[in-house]
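Residue-level listing of the chains:
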Amino acid sequence: MESRVRRAKARSVAPTKASPFEAGRAHFALPTLRPFYMNGIRYCEAIWRCTVVGICVPFLLAGDAQAYKAYVSNEKSNTISIIDTAERKVVGTIKVGQRPRGIAITRDQKYVLVAVGDDDTIQMIDTATNKVVDTLPSGPDPELFTDDPSGRLLYVANENDNTVTIIDIERRTRLGDVEVGVEPEGMGLSPDGKILVNTSETTNMAHFIDTATRKIVANVLVDSRPRFAQFKDDGSELWVSSEIGGTVSIIDPVKHAVKGKINFAIPGMRQEAIQPVGIAITHDGKTGFVALGPANRIAVIDGATHQVQKYLLVGQRVWHMAFTPDEKYLLTTNGVSNDVSVIDVAALKVIDTIQVGELPWGVAISQH
Amino acid sequence: MIRAVIFGGLILLLTAMLARAEPLTIKIGYVGRAEKKATISLLDYPPDNDGVAGARLALEDNNTTGKFLNQRFSLEEARVKAGTDPTDVILRLADHGISFFIVDLPADMLLKAADAGRARGLVFFNAGAIDDRLREEDCRADVIHTAPTRSMLADGLAQYLVFKRWLRWLLVVGSHDADKLYAEALRRAASRFGAKIVEQRVFEDTGGARRTDSGLAQIQRQIPLFLQGAPAHDVVVAADENEVFAAYLPYRTRDPRPVAGSAGLVPKSWDAAHDQWGANQLQNRFTQMFSRRMTALDMQAWSAARMIGEAAARINSADPQALLAYMKGPDFGLAAFKGQKLTLRDWNLQLRQPILLADGRTIVSVSPQEGFLHQFSELDTLGIDRPETKCRLK
């Protein structure tokens with residue numbers, strides 16, 4: 001649930017990456033449009049459009065270099081790696097508590113929240129200073145969490161005591177618990193914020209919780225060891241991955257029923273190695289991405305037909321992922337190879353690999 | 001007439017509502033041994049609730065899930081003395097409405113129990129006996145095996161030793177029947193995976209206490225003496241299921257060699273140090289509930305009780321034969337913190353499972369090792385496979 005924070009609409013391209021204006025240059029020269037490469041990224045130079053009075057202004061054609069910050073939790077290193085998504089390299093490392101896993105950024109972009117399971121708490125990192133400044137009172141062994149649309153409440157799955165904890169982020173207080181199945185893990189919130197879905201790994205269910213009453217309204221059985229729950233942005237479908245079952249269940253959130261299942265088959269890959277975990281779906285709902293764990297691949301799913309379109313080879317034991325806010329790139333955490341793969345979402349190609357700390361687990365990306 | 005139909009309909013509706021409110025109830029029996037086995041190390045001394053504690057934790061897990069499905073699970077425990085007939089105990093529990101039995105008994109007693117339950121349609125889980133014959137010539141259509149076999153354990157170990165290129169084994173075998181069976185499985189594993197047994201020695205059990213006040217001084221001299229004159233070897237492999245000598249081997253061998261098998265690097269279904277694949281959570285739940293560490297027998301019993309819970313959740317039935325059929329089928333899989341789902345070998349009802357290799361402090365490795373391939377499931381590189389089986393399920 002790393003990227004559960006609302007993503008901004010695609011923004012205009014930053015002018016800083018265009019060719020610098022050089023004073024004194026011949027006014028009517030029109031440099032040809034030619035791509036150049038920096039850190040492996042293709043940029044297009046600006047075309048200079050000149051007015052009759054002889055003033056040239058840069059007219060930007062292309063440039064996919066909007067820089068966001070990606071925060072990657074390294075489960076074994078007890079650190080967060082900060083990646084500059086334009087430069088595609090680690091620009092900083094933050095020391096955190098024991099066993100950082102679930103990670104997200106608050107809606108106001110002020111804090112990175114990271115569940116440090118072995119310290120039984122969630123740490124708050126100030127995005128301005130990159131320092132841990134506070135903690136939130138979760139239950140024992142927090143793993144994944146999601147915030148409500150107002151950004152005020154945080155819902156946390158506590159693996160160790162079969163509960164979902166509700167936390168007031170502002171006041172740093174615990175408001176209550178909801179009892180769920182054994183080993184709660186995945187957390188998904190409906191786009192309208194009315195329904196919270198928690199998956200329990202040993203009970204093998206998606207529990208639908210009414211956020212107003214904090215009561216379970218439905219339980220849907222899915223395949224073994226459900227890890228992750230993701231709604232489509234229009235609220236029409238809920239996708240739940242089953243790590244051991246090897247499937248993704250497509251659930252009708254109104255009828256509370258499984259209406260279809262995504263199955264995976266990779267030639268030459270034994271079926272047990274295909275273990276779906278993280279899920280990301282584009283805003284338009286047309287394309288889904290499912291991390292397949294030790295199969296070292298991301299499956300690309302047609303959002304309408306639920307058929308697998310393609311398997312993208314990434315690093316080893318891929319678990320979670322997050323889009324950049326412009327949805328141009330998808331970053332995946334590859335635990336065993338200690339790196340992050342960068343996928344070009346339009347081209348459906350893996351275009352880069354970034355080394356991070358040990359056993360990268362989750363990733364969250366800032367809005368700016 | 002119309003009134004009668006309406007009345008009948010109302011009655012039907014009421015019955016349906018009542019039936020819905022009544023939870024589906026599944027009663028499970030745990031039948032264990034009355035005696036505890038002697039161990040060399042104090043640390044390995046079995047706790048009183050060894051095995052049944054695992055079943056109890058699984059019951060807790062099943063009932064948490066059952067809360068949402070209107071299903072209830074209960075557990076009754078009984079102990080049987082070695083060498084006695086368990087028939088009466090089984091039938092008494094069956095009279096209490098128990099239809100599933102998790103059994104930790106020696107092979108012959110398990111077979112007697114299964115024979116006693118056959119006419120009543122009872123379903124058994126062998127959680128304790130590792131004898132291959134229970135899955136081969138003595139297999140039964142109503143006995144599921146969650147305990148691994150000797151051949152699975154031996155193959156799991158052999159694959160790792162071969163991966164390490166420790167190919168020359170000095171095999172030391174105890175004098176009990178079980179030790180001979182384990183040695184047989186180890187020999188089979190060595191020839192399957194390309195290791196060589198350079199020599200086999202028998203360590204006689206001459207009786208005597210395992211704990212004496214000044215025993216260590218003697219052992220330190222006895223073990224190298226026992227191992228002297230052996231051909232060149234990479235590893236000492238011990239088959240000692242009765243804990244007579246194997247635990248004395250590490251650090252006392254004549255040549256500086258690692259020890260594996262019944263001591264040193266031990267193949268097992270579970271270990272208190274196993275924390276991968278979410279196992280940490282199960283270990284935590286277990287420790288919280290019982291204030292001790294989870295053993296392999298606990299895990300084997302947990303797996304059995306969870307299999308019942310998993311099948312019941314999927315098909316919403318308490319009928320033992322329906323649940324058994326589902327467990328044998330292609331849709332069944334148990335998530336048991338071993339990195340992949342566990343399924344049943346449909347030809348002998350053995351639970352497929354990875355084998356942990358533990359040194360007492362950490363998990364050194366998990367078999368099957370990479371590169372040991374199989375056309376159906378790599379887990380079937382462990383133990384006796386379908387083409388070699390002598391089992392005809394009846």
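All values reported here derive from a predicted model rather than from experimental measurement. Each residue is numbered by its place in its chain's sequence as written, counting from 1. Just so you know, chain letters begin at A and ligand numbers begin at 1, following the order they were written in. Where totals are concerned, whole chains, interfaces and linings use all residues; where local detail is concerned, this predicted model gives features only for residues with pLDDT of at least 70, and gives and counts side-chain atom pairs only at 80 or more. Only hydrogens and water are set aside; all other atoms, that is, all heavy atoms of the structure, feed into the side-chain values.

### A short note on the sheet that holds strand 17 (residues 195-200) of chain A
All names here are of chain A. The condition is simple: A pair of strands is considered paired only if DSSP assigns at least 2 bridges between the two. Secondary structure is summarised from DSSP: a helix means a run of H or I of at least four residues, a strand means a run of E of at least two, and numbering begins at the N terminus for each. Inter-axis angles, ranging from 0 to 180 degrees, are taken between N-to-C directions of lines fitted to C-alpha atoms, where helices are fitted over the stretch in contact.
Read across the open sheet, the four strands follow the order 16-17-18-19; overall the sheet is antiparallel. Here the strands that pair on one side only, and so sit at the sheet edges, are strand 16 (184-189) and strand 19 (215-221). The average undirected angle you get between the axes of adjacent strands in this sheet is 25 degrees. In the sheet, strand 18 (residues 205-210) pairs with strand 19 via six bridges, with the strands oriented antiparallel.

### Re the state of the cysteines
Residues and elements named next belong to chain B. As a reminder, the rule being used: The disulfide definition used here is simple: a pair of cysteine sulfur atoms within 2.5 Å. The buried label goes to any residue with under 20% of its type's maximum accessible area, the exposed label to any with over 50%, and the partly exposed label to all in between, with areas taken from a 1.4 Å probe on protein chains only.
If you walk through the whole model with that rule in mind, you get one disulfide over all chains. Note that Cys139 is cross-linked by a disulfide to Cys391, the S-S spacing being 2.0 Å. The sign of the 90 degrees torsion about the S-S bond sets the Cys139-Cys391 disulfide as right-handed. Here the residue Cys139 occupies a position in the loop between strand 4 (123-126) and strand 5 (143-145), and Cys391 occupies one in the segment after strand 12 (363-367), the gap between them amounting to 252 residues. Residue class for Cys139 comes out buried when judged on its relative accessible area of 7%. The exposure class of Cys391 is buried, given its relative accessible area of 3%.

### Structural notes on the interface of chain A and chain B
The following threshold applies: Any two residues whose heavy atoms approach within 4.5 Å are treated as being in contact. A 1.4 Å probe defines the accessible area here, and the buried area is the portion of it lost by two parts on being joined, summed over both. Salt bridges are identified by distance alone: a Lys or Arg side-chain nitrogen within 4 Å of an Asp or Glu carboxyl oxygen. Distance and chemistry together define a polar contact, namely a pair of N or O atoms within 3.5 Å, with one atom able to donate a hydrogen and the other to accept it when in protein, and with adjacent residues in sequence counting only for side-chain atoms on both sides.
Each partner contributes residues to the interface: chain A has 29 residues there, and chain B has 27 residues. In terms of surface lost to chain B, no three residues of chain A exceed Asn160, Ile244 and Glu272 of chain A, which account for 24% of the buried area on that side. Taken together, the links from chain A to chain B amount to three salt bridges. Measuring nitrogen to oxygen at the nearest pair gives 3.0 Å for the salt bridge that ties Glu378 of chain B to Arg270 of chain A. At the junction of chain A and chain B, the tally comes to ten residue pairs in polar contact (both at pLDDT 80 or more). Top element by residues in the side of chain A that touches chain B is strand 19 of chain A. It accounts for three residues.

### Digging into the sheet that holds strand 9 (residues 111-116) of chain A
All names here are of chain A. With antiparallel pairing, the four strands of this open sheet are ordered in space as 8-9-10-11. Only two strands of the sheet have a single partner each, and these edge strands are strand 8 (100-105) and strand 11 (131-136). Each strand of the sheet is rotated relative to its neighbour by a mean of 30 degrees, with strand direction disregarded. Sheet topology places strand 10 (residues 121-126) next to strand 11; five bridges connect them, and they run antiparallel. Among the inter-strand pairings, Ile125 is bridged to a residue of strand 11, identified as Val132.

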